[in-house]
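What follows is the residue order along each chain.
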Amino acid sequence: MIRLTIPGRKAIEVENLILDMNGTIAMDGMVSGGVVERVKKLAKSLKIYVLTAGTQGRIDEIKEILQVEVHQINRRREAEQKAEFLRKVDPERTITIGNGTNDSLMLKQAALGIGIIGEEGISREALLSADVIVKDPKDALDLLLKPKRLQATLRK
Ligand SMILES: [Mg+2]
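Residues numbered from 1 in each chain as written. Predicted model: local features only at pLDDT ≥ 70, side-chain atom pairs only at ≥ 80, totals over all residues. Heavy atoms only, no water.

Burial within strand 9 (residues 112-116) is extensive, with five of its five residues counted as buried. Residues L112, I114 and I116 point to one face of strand 9 and G113 and G115 to the other, with burial holding for every one of them. Handedness of the crossover is the feature at issue here: the chain leaves strand 8 (residues 94-98), passes through helix 4 (residues 104-109), returns alongside strand 9, and the resulting connection is right-handed. For strand 9 and strand 10 (residues 132-134), the ladder comprises three bridges, and the chain directions are parallel. Bridge pairing in strand 10 places I116 opposite V134. (Buried < 20%, exposed > 50% of the residue type's maximum accessible area, 1.4 Å probe, protein only. Helix = DSSP H or I, 4+ residues; strand = E, 2+ residues; numbered from the N terminus. Right-handed = clockwise from strand over helix to strand, strands pointing away. Pairing = 2+ DSSP bridges.)

Below you can see the structure in the form of structure tokens.
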């Protein structure tokens, strides 16, 4: 558990982290630089899930590299499927990270949503649904490893 206290907001006891895969922590199927070691560090205090609409081969590879649960979603109503996954996990205790329109509902409905610009860019819907936007996944994961950065950005 990571306790996030941001002045002007309700304290969040974060138990779970949901990561979009493509465009967020992976680019062209390859895990982005700096992600593996940060995910491993965070996995000591959080339950981490990766969501993807990608193919099975990649899923096994990502599972192996990151040592986290990877869940495949279908190629329809992706935003709703991701939001449904979040609801099952517990939105009040979950942080989500994503970049696409299909991430917008989970970004909005989580205790905290972090948008990634990355190399693929962030969709307008995802941008408007996130609490904070950062340039790449390393920076997003560092916000959780160094929560003072989040406080500085989000306090009122
Ligand atoms: Mg994406």
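Additional details are given in the paragraphs that follow.
Now for the nonpolar core. One finds L17, L19, I95, I97 and I114 to be the most contacted residues of the largest nonpolar core, which totals 34 residues. With residues up to four places along the chain from it excluded, the contact list for I114 reads I95, T96, I97, G98, L107, A130, V132, V134, A140, L143 and L144. In this structure, I18, V89, M106 and A110 belong to the second largest nonpolar core, which totals eight residues. (Core = buried A, V, L, I, M, F, W, Y, C linked by side-chain atoms within 4.5 Å. Contact = heavy atoms within 4.5 Å.)

The next subject is the layout of surface pockets. Considering only enclosed or pocket space, the largest pocket measures out at about 190 Å³ in volume. Considering the residues around the largest pocket, the lining is formed by R9, K10, A11, I12, E13, P91, E92, R93, Q109 and A111. Of the residues belonging to the lining of the largest pocket, the class tally is four nonpolar, one polar and five charged. Space inside the second largest pocket adds up to approximately 150 Å³. What lines the second largest pocket is a set of 16 residues, and nearest its centre among them are D20, N22, E78, K82 and N102. At the level of secondary structure, the elements contributing two or more residues to the lining of the second largest pocket comprise strand 6 (47-52) and helix 3 (78-89). Each residue belonging to the lining of the second largest pocket can be placed in one class, and the counts come to four nonpolar, six polar and six charged. (1 Å grid on protein atoms, 1.4 Å probe; cavity = no way out; pocket = protein on both sides within 12 Å on 5 of 7 lines; lining within 4 Å. Points joined across faces, edges and corners; volume = space filled by probe spheres on them. Nonpolar A, V, L, I, M, F, W, Y, C, P; charged D, E, K, R; others polar.)

In this section: the environment of Q81. With respect to the element layout, Q81 can be found in helix 3. Taking the C-alpha atoms as reference points, Q81 and L105, 24 residues apart in sequence, are found 9.4 Å from one another. Look past the residues within four positions of Q81 in its chain and what remains in contact with it is I73, N74 and R76.

Around the magnesium ion, the protein contributes the donor atoms D20 (OD), N22 (O) and N99 (OD1), which lie 2.2 to 2.3 Å from the metal centre. Here the donor residues of the magnesium ion are spaced in sequence according to D-x1-N-x76-N. What makes D20 buried here is its relative accessible area of 5%. N22 sits in the partly exposed class, given a relative accessible area of 31%. (Donors = N, O, S within 2.8 Å, 3.2 Å for Na, K, Ca; no water.)

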